[in-house]
Amino acid sequence: MTKQWLADLAWLPGQGVKRDVLIEADGDRLTSVTPSTSANPEATRLHGLTLPGFANAHSHAFHRALRSTTQADRGTFWTWRERMYDVADRLDPDSYHRLARATFAEMALAGISCVGEFHYLHHQRGGRPYADPNAMGRALVQAAADAGLRITLLDACYLTGGLVEEGLLPLAGTQLRFGDGDAVRWAARVTELGCDVHGMIAPYAQAGAAIHSVRAVPRGQMHPVVAWAHRFGAPLHVHMSEQRAENEACQAVYGMSPARLLYEEDVLGPRTTVVHATHVDDDDLELLGGCQTFACLCPTTERDLGDGLAPARALAAAGSPLTLGSDSHAVIDILEEARGVEYAERLARQARGHFTAEALLRAATTEGHTSLGWPDAGEIAPGARADLVSVSLDSARTAGAADGVALEAAVFAATSADVTDVVIDGRDIVRDGVHLLVPDVPGELARSIRAVLG
């Protein structure tokens, strides 16, 4: 079906922001993009600034239930993790589907067209598989479909309960739900998702691989995960160096940093994304950049948990493309994640001007989609996926911005509340701030979270 939109302003690759842009699509693909077009009565008008759809490159959907509740006491990353385990212990495929559907709908309202769901909650309590061993993963895939998003299900291998100076700990308590026994059995289970030779589960969903972290996968178990990713040409993601304690334990057990360990086990590469990379040194940067490994930064989560300031400028300068994720969903706002990257550098260096608005938007769009295995998304250009996000330029936050600083207004002033219209794969998903598939997103969130928290 052919569709047309006329954008007041649109950000186009290689051209910058253009006025009165006629955008046409056939099905899920853009077919033509024409700036400086006169009014077209057949086209749907998109007001404000229209951008490509955002990619949320790192999500744990069930963490959405923790928002606000973990702010009631000071705590640490590790006490936060115990609260997270408590929520994970309560979920089953039905409740997980409802919570994820509402969370993904909130993402759509924020302009996110594709989510990388880092998924490790696989089994029943005690580690017993469901009748369908991938019941929880399928619940996430269906939730994304119900909310109108594309999804890369980053199925995580999670085999050990932690890494301390004395060595690896066994899974215990809620962690038993995460484990498959070994990486070979992990690969066999993920293959049962039924993806094709390109890793596609459905037209809107693909399978990816994840090594949870060096804390959760011994070095001798990493190769089957890497081999599975190579077999399907799938993206491979891994948490890395989020906490100093992780680095110290890895050094004590393996005699090297997490980055060096992942490099020696052939995990790093241009289809790999390391998440956080908060505590890395010059040698780590050289390894990551030399392998063209993506670095996914999650500023709102990293600041919420007190992780530290990731060296974004150094990672980018070394050759690691940057992407963005909302991770624990302290908020769901990719624009806030984008400016958080720049603001962290300003705080660390006590100087301004490290990333342009365009560079931050590339992290939110083209780079993010590529890291999730969708390189045909993230640009408003013929042949790209028909993903469009319109951001208001006349809200209380953005009013007064001239055309020449529209990108800066979006990145450094707008919030997810300023997203008015969202098109994903040629389908209208959000119109005038209302989700067309999940009309009452706040109600869905409240009901699904209360059901989980009791």
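Scroll up a little and you will see the structure.
A brief structural summary.

Calculation criteria
Residue indices begin from 1 for each chain and proceed along its sequence in written order. Only residues with pLDDT of 70 or above have their local features reported here, since the model is predicted, and side-chain atom pairs are shown and tallied only from 80 upward, although totals for entire chains, interfaces and linings are computed over all residues. As a rule here, side-chain values come from all non-hydrogen atoms in the structure, and water together with hydrogens is ignored. Secondary structure elements are defined from DSSP: runs of H or I of at least 4 residues count as helices, runs of E of at least 2 residues count as strands, and each element is numbered from the N terminus. The reference for a compact globule is 2.2 Å times residues^0.38; the radius of gyration itself is calculated from the C-alpha atoms. Relative accessibility decides the category of a residue: with a 1.4 Å probe and only protein chains considered, values under 20% of the type maximum give buried, values over 50% give exposed, and everything between is partly exposed. Contacts were defined at the residue level, with two residues in contact if any of their heavy atoms lie within 4.5 Å. For the accessible areas, the method is Shrake-Rupley and the probe is 1.4 Å, while residue cover comes only from the protein chains on display. In this tally, Lys and Arg are treated as positive and Asp and Glu as negative; His is ignored, and so are the chain termini. Here the site of a charge means NZ on Lys, CZ on Arg, CG on Asp, or CD on Glu. We count a salt bridge whenever a side-chain nitrogen from Lys or Arg sits within 4 Å of a carboxyl oxygen from Asp or Glu. Polar contacts, as counted here, are pairs of nitrogen or oxygen atoms within 3.5 Å of one another; within protein the pair requires one atom able to donate a hydrogen and one able to accept it, and residues that are adjacent in sequence qualify only if both atoms are side-chain atoms. Only strands that DSSP links by at least two bridges are regarded as paired with each other. Think of it like this: strands point away, you trace from the first strand over the helix to the second, and a clockwise trace means the crossover is right-handed. Disulfides are defined as pairs of cysteine sulfur atoms found within 2.5 Å of each other. Side-chain atoms within 4.5 Å are what join buried Ala, Val, Leu, Ile, Met, Phe, Trp, Tyr and Cys residues into a set we call a nonpolar core.

Before going further, it helps to spend a moment on the overall build of the chain. Summing up its helical and strand segments, the chain has 15 helices and 19 strands in all. Relative to its length of 454 residues, the chain is compact, with a C-alpha radius of gyration of 21 Å against a globular reference of 22 Å. Expressed along its principal axes, the backbone C-alpha trace of the chain runs to roughly 70 × 50 × 45 Å. Relative to its 454 residues, the chain shows a buried fraction of 60%. Intrachain contacts of the chain at a sequence separation of at least 6 include 73% that bridge at least 24 residues. Summed over all atoms, the accessible surface of the chain reaches about 16,800 Å², with 50% contributed by carbon and sulfur. A distance of 3 Å separates the average location of the 39 positive side-chain charges in the chain from that of its 58 negative side-chain charges.

To continue, consider the pattern of salt bridges. Taken as a whole, this structure holds 30 salt bridges when the rule is applied. Residue Lys3 is joined to Asp428 by a salt bridge in which the shortest nitrogen-to-oxygen separation is 3.1 Å. Note that Lys3 is positioned in strand S1 (residues 2-12) and Asp428 in strand S18 (residues 427-431), a separation of 425 residues in sequence. The partner of Arg219 in a salt bridge is Glu264, with the nearest N and O atoms 3.4 Å apart. One end of the pair, Arg219, is in the loop between strand S11 (205-211) and helix H5 (222-232); the other, Glu264, is in helix H7 (residues 258-264), with 45 residues separating them in the sequence. Each member of the salt-bridge network shares a partner with another, and the members are Asp28, Arg29, Arg150, Asp376, Arg385, Asp387 and Asp425.

Let's shift gears to the side chain of His369. Here His369 is to be found in helix H13 (residues 366-371). Of note is the side chain of His369, whose polar atom sits 3.5 Å from the side chain of Arg150.

Turning to the pairing of strand S6 (residues 112-119), a few remarks are in order. Within a regular strand, the side chains alternate between the two sheet faces. Burial analysis of S6 places 8 of its 8 residues in the buried class, which makes it a mostly covered element. Pairing between strand S5 (residues 54-59) and S6: 4 bridges, direction parallel. Residue pairing for S6: Asn56 is matched across the bridge by Val115. Both S6 and strand S7 (residues 150-157) contribute to a ladder of 6 bridges, which runs parallel. Looking at the pairing, His119 lines up with Asp155 of S7. In this view, the connection linking S6 to its parallel neighbour S7 by way of helix H3 (residues 135-147) has right-handed handedness.

Attention shifts here to the state of the cysteines. Tallied over the full model, the rule gives 0 disulfides. Among the cysteines around Cys114, which has no disulfide bond, Cys296 carries the closest sulfur, lying 12 Å off. The class for Cys114 is buried, based on a relative accessible area of 0%.

The next thing to look at is the nonpolar core. Note that soluble globular proteins tend to have their nonpolar side chains buried in a common cluster. Of all hydrophobic cores here, the largest spans 136 residues; its most connected members are Phe54, Phe62, Phe104, Leu149, Trp228 and Leu322. Counting residues per element, this core draws most heavily on helix H2 (residues 93-109), which supplies 8 residues. Setting aside residues no more than four positions away along its own chain, Phe54 makes contact with Ala110, Gly111, Ile112, Ser113, Cys114, Ile334, Leu335, Leu361, Ala364, Thr365, His369 and Val389. If you look at the next biggest cluster of nonpolar residues, it comprises 14 residues, including Ala10, Leu12, Ile23 and Ala25.

With that settled, the discussion passes to the pairing of strand S12 (residues 236-240). Taken across its 5 residues, S12 has 5 buried, putting it largely inside the fold. Side-chain alternation along S12 places Leu236, Val238 and Met240 on one buried face and His237 and His239 on a second face that is also buried. Here S11 pairs with S12 via 3 bridges, running parallel. Residue pairing across strands places Ile211 opposite Val238, the latter belonging to S12.

This part takes up the sheet that holds strand S4 (residues 44-52). The pairing of strands in a sheet comes from backbone hydrogen bonds and takes either a parallel or an antiparallel form. Pairing within the open sheet is mixed, and its 8 strands lie in the order S3-S2-S1-S4-S16-S17-S18-S19. Each of the sheet's edge strands pairs with one partner strand only, and the pair in question is strand S3 (29-34) and strand S19 (434-435). Relative to S19, S18 runs antiparallel, the two being bridged by 2 bridges. Across the sheet, the residue bridging to Arg431 is Val434, located in S19.

Without other data, these values stay purely geometric and don't point to any function.
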